[in-house]
Amino acid sequence: MNIIRRLVVILLLELTALSVLITYCWIDAQSGVILVIFNLLFFSLFSQLNGDVCVKLFLLTTGNVLGTVWSYSFHMLIFYAITYEVASTTTLHTIYTIVYPFLNTFWVIAFWSLSATALNNSQNFGRHMYD
Amino acid sequence: MSVENIVISVFAAGLVAFSLMFLPSLLELMYPKDAGPRVITGGIDIVNLLHVKSLEEDYRLGRVEMQKLSGALELLPNLEQFI
Amino acid sequence: MIEAVEALFVLLIAFMLAYLVRHNIFTFTVLRRANNPKKTEKAHAKSNFEPSVTILIPARNEENVIGRLLQRLTELTYPKNKLQVIVINDASDDQTGKIVSDFHRKYPYIEVINRDKIRGGKGKSAAMNHGFSKSNGEIILCFDADYYPQQDIVERLTSPFVDPTVGGVQGRVVVLNEPQNIITRLIALERVGGYRVDQEARDNLGLIVQFGGTVGGFRRRVLETLHGWDETMLSEDTDLTLRTYLAGYKIKYEVNAECYEEAVDNWRAYWRQRYRWAKGHMQCFFKHSWKVLTTNKLNLKQKVDGLLLLSVYFMPTIVFLSFVLGLILLMQLPAHGFGLAFMTLVPVSCYSFIGNFAPFFEVGVGLYLDGRKRSQWLLPLSILTFLFNLSICGLALLDVLAGKIRRKRTHSWSKTNHSGKGDNYVNGLTLKVKTN
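Remember, predicted model here, so these are calculated numbers, not experimental data.

1. Quick word on the packing of aromatic side chains
Residues and elements named next belong to chain C.
Working step 1: The final tally for this structure, using the stated rule, is 25 aromatic pairs over all chains.
Working step 2: Centre to centre, the rings of Tyr270 and Phe388 are 5.7 Å apart; their planes meet at 35°, and the pair counts as tilted. With a gap of 118 residues between them, Tyr270 in helix α10 (residues 267–294) and Phe388 in helix α14 (residues 382–406) connect regions that are remote in the sequence.
Working step 3: Note on Phe285 and Phe286: the rings are 5.5 Å apart at their centroids and 80° apart in plane angle, and the pair reads as edge-to-face.
Working step 4: A relative accessible area of 36% places Phe286 in the partly exposed class.

2. Digging into the side chain of Thr385 of chain C
Residues and elements named next belong to chain C.
Working step 1: One can find Thr385 in helix α14.
Working step 2: For Thr385, a relative accessible area of 4% corresponds to the buried category.
Working step 3: Setting aside residues no more than four positions away along its own chain, Thr385 makes contact with Leu186, Glu190, Trp267 and Tyr270.

3. Some thoughts on the sheet that holds strand β2 (residues 83–90) of chain C
All names here are of chain C.
Working step 1: Ordered in space as β3-β2-β1-β4-β7-β6-β8-β5, the eight strands form an open sheet in which the pairing is mixed. Two strands lie at the open edges of the sheet, namely β3 (110–115) and β5 (148–149), each paired on one side alone.
Working step 2: Alignment of strand β1 (residues 53–59) against β2, held across seven bridges, turns out to be parallel. What sits directly across from Ile57, in β2, is Val87.
Working step 3: The sheet contacts of helix α4 (residues 96–106) involve β1, β2 and β3, and relative to β3 the element is tilted by about 150°.

4. Let's talk about the pattern of salt bridges
All names here are of chain C.
Working step 1: Inspection of the entire model under this criterion finds 31 salt bridges over all chains.
Working step 2: Of the charged contacts, one joins Lys98 and Asp102 as a salt bridge, the two residues approaching to 3.1 Å between their closest N and O atoms. Taken together, the positions of Lys98 and Asp102, both in helix α4 and four residues apart, correspond to about one turn of that helix.
Working step 3: Between Lys287 and Asp230 there is a salt bridge, with its nearest N and O atoms 2.6 Å apart. Of this pair, Lys287 sits in helix α10 while Asp230 sits in the loop between α8 (220–225) and α9 (236–246), and the two are 57 residues apart along the sequence.
Working step 4: A relative accessible area of 25% means that Lys287 is categorised as partly exposed.
Working step 5: For Asp230, a relative accessible area of 19% translates into the label buried.

5. Comments concerning the nonpolar core
Working step 1: Counting residues in hydrophobic clusters, the biggest one holds 66 residues, and the most contacted among them are Ile55, Ile57, Leu70, Val85, Leu141, Phe143 and Ile153 of chain C.
Working step 2: The contact partners of Leu141 of chain C, leaving out residues within four places of it in the chain, are Val53, Thr54, Ile55, Leu56, Val154, Leu157, Val169, Gly216 and Gly217 of chain C.
Working step 3: One finds Leu35 and Leu45 of chain A together with Phe26 and Phe357 of chain C within the second-largest nonpolar core, a separate group that totals 54 residues.

Quick notes on the rules
Residues numbered from 1 in each chain as written. Chains lettered and ligands numbered in written order. Predicted model: local features only at pLDDT ≥ 70, side-chain atom pairs only at ≥ 80, totals over all residues. Heavy atoms only, no water. Phe/Tyr/Trp six-rings, centres within 6.5 Å; stacked < 30°, edge-to-face > 60°. Helix = DSSP H or I, 4+ residues; strand = E, 2+ residues; numbered from the N terminus. Buried < 20%, exposed > 50% of the residue type's maximum accessible area, 1.4 Å probe, protein only. Contact = heavy atoms within 4.5 Å. Pairing = 2+ DSSP bridges. Axes fitted to C-alpha atoms, helices over the stretch in contact; angles between N-to-C directions. Salt bridge = Lys/Arg side-chain N within 4 Å of Asp/Glu carboxyl O. Core = buried A, V, L, I, M, F, W, Y, C linked by side-chain atoms within 4.5 Å.

What follows is the structure, encoded as structure tokens:
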């Protein structure tokens with residue numbers, strides 16, 4: 001069981017690293033940087049919360065995959081908009097650079113809200129239980 | 001597949017993904033399971049609760065067993081009414 | 001010219017990153033302390049410290065809620081011979097005065113001061129000062145009329161005053177009518193972030209704990225030194241907070257001293273309330289920022305936190321401005337200046353990504369610490385209030401600047417109306433919770 005857990009942990013870490021690599025090399029450097037920041041932030045956060053290590057890593061990997069898919073979709077949208085000449089390249093590039101980080105907030109918040117629910121333990125930190 | 005269709009597909013997929021992000025929120029709004037208000041009781045000593053928690057850990061009482069026990073206790077009559 | 005834009009841009013980025021770091025430090029501090037409960041959880045020790053207490057309740061047209069609060073105050077566990085309750089009926093048109101008088105007849109320690117239309121209606125600060133002038137308690141606590149405290153709240157709020165350096169105290173506010181609609185649920189999330197994480201972290205780190213105007217109080221001596229509430233300020237609570245710290249005292253935050261509040265339940269009322277807070281806060285910035293910077297009563301971290309606290313409502317404008325300047329710089333710099341473009345936009349992106357996320361981060365952790373699960377799912381909807389607040393802050397800043405330019409006081413006091421719908425939830429709670 002221990003070996004299987006270790007394999008799962010290694011696999012999840014590799015998937016996370018792969019997501020970051022794919023995003024940085026094949027999508028966009030800015031997206032890659034955002035994913036690295038995401039990993040740093042959530043790794044430091046998840047380490048403080050209670051829960052199984054495998055669960056935490058699974059959530060982190062899911063977040064990375066989500067971020068990669070999101071980056072790819074948005075990047076492709078801009079790419080095809082440029083190809084189809086919806087607007088000038090400079091305008092689209094500027095929109096992408098300025099608006100994109102803010103749009104990332106949406107999927108990060110959604111991800112955070114669901115993962116916090118998954119990790120919420122039954123331990124009563126405060127004296128008040130909610131029924 | 002033409003470029004037009006690809007752009008529309010990606011845009012539609014993006015919109016769907018965006019909507020899905022808000023699905024849990026809508027679920028909680030429509031079928032609230034954690035709507036509060038949070039109970040504030042007052043007068044409960046924090047130290048006592050921590051002691052209870054460690055007791056559970058010491059004896060490793062499972063949550064399932066505790067739920068069964070509390071369920072059984074609920075069915076017992078309130079004997080105080082007969083005093 | 002471009003150098004000036006660059007310098008301004010760097011300054012704005014530094015400011016934004018300071019907020020980013022601050023929010024994340026607060027969240028991690030509270031989490032770390034929650035994971036070490038033996039160090040941080042203080043048992044509610046019974047002490048012999050029972051000073052005389054006056055509870056001030058400013059009330060204007062609060063017939064829907066005042067009865068509930070006064071009834072609750074009669075159920076407090078604090079010795080009634082050391083308790084004085086003063087309700088300041090501030091030029092009410094409804095039955096507020098009658099309700100309070102009825103309570104006074106039955107409970108003599110509940111007093112009423114009736115302010116007529118000539119003297120009254122000049123804002124909460126004026127009412128509080130009037131009440132304070134008639135008080136005799138060593139500790140002065142304040143509650144708004146729509147609040148519903150826990151039974152031992154006075155003991156919990158007075159216990160920090162054992163320390164002579166403590167000038168004020170602030171308790172925790174919990175939204176009572178949370179299930180009512182989407183607005184009340186989102187406000188409840190805000191409160192969790194603010195009180196469960198923000199305030200607690202500031203208290204743990206020895207920073208500026210903010211007095212919220214209610215569920216808190218001050219030492220009588222401190223209020224006398226500070227000459228009470230400033231009647232020219234919209235955010236009299238923030239003003240009092242800064243003046244307390246500038247006088248060399250501190251405010252303690254008691255997370256276990258909890259009180260229900262009835263939150264606003266429509267967007268119009270939400271807008272008016274937040275607009276008032278934003279304007280008031282900005283007023284306080286102009287009044288106190290230089291004093292905070294130059295005083296010797298605060299240490300360096302308190303000065304930094306004080307300035308960040310005072311500037312919080314400017315942040316949306318600062319973020320918007322930094323985007324605009326970033327855009328200008330991006331267009332002005334040569335095309336091959338990738339490094340410069342990168343350096344220009346990475347911090348903005350960083351803030352935009354993490355900085356905007358930081359408040360949600362706090363709320364999520366606060367909910368986690370409270371043991372709330374499904375409420376986490378509402379976090380994406382908080383973006384609505386977040387965007388709403390962005391527009392409020394922008395307009396409030398324009399309003400304040402316009403007032404400064406015209407040297408005219410552009411604010412007028414507006415009152416939040418309470419419907420009394422919180423009664424439904426109180427009744428539901430008292431059925432579930434068997435009180436002693």
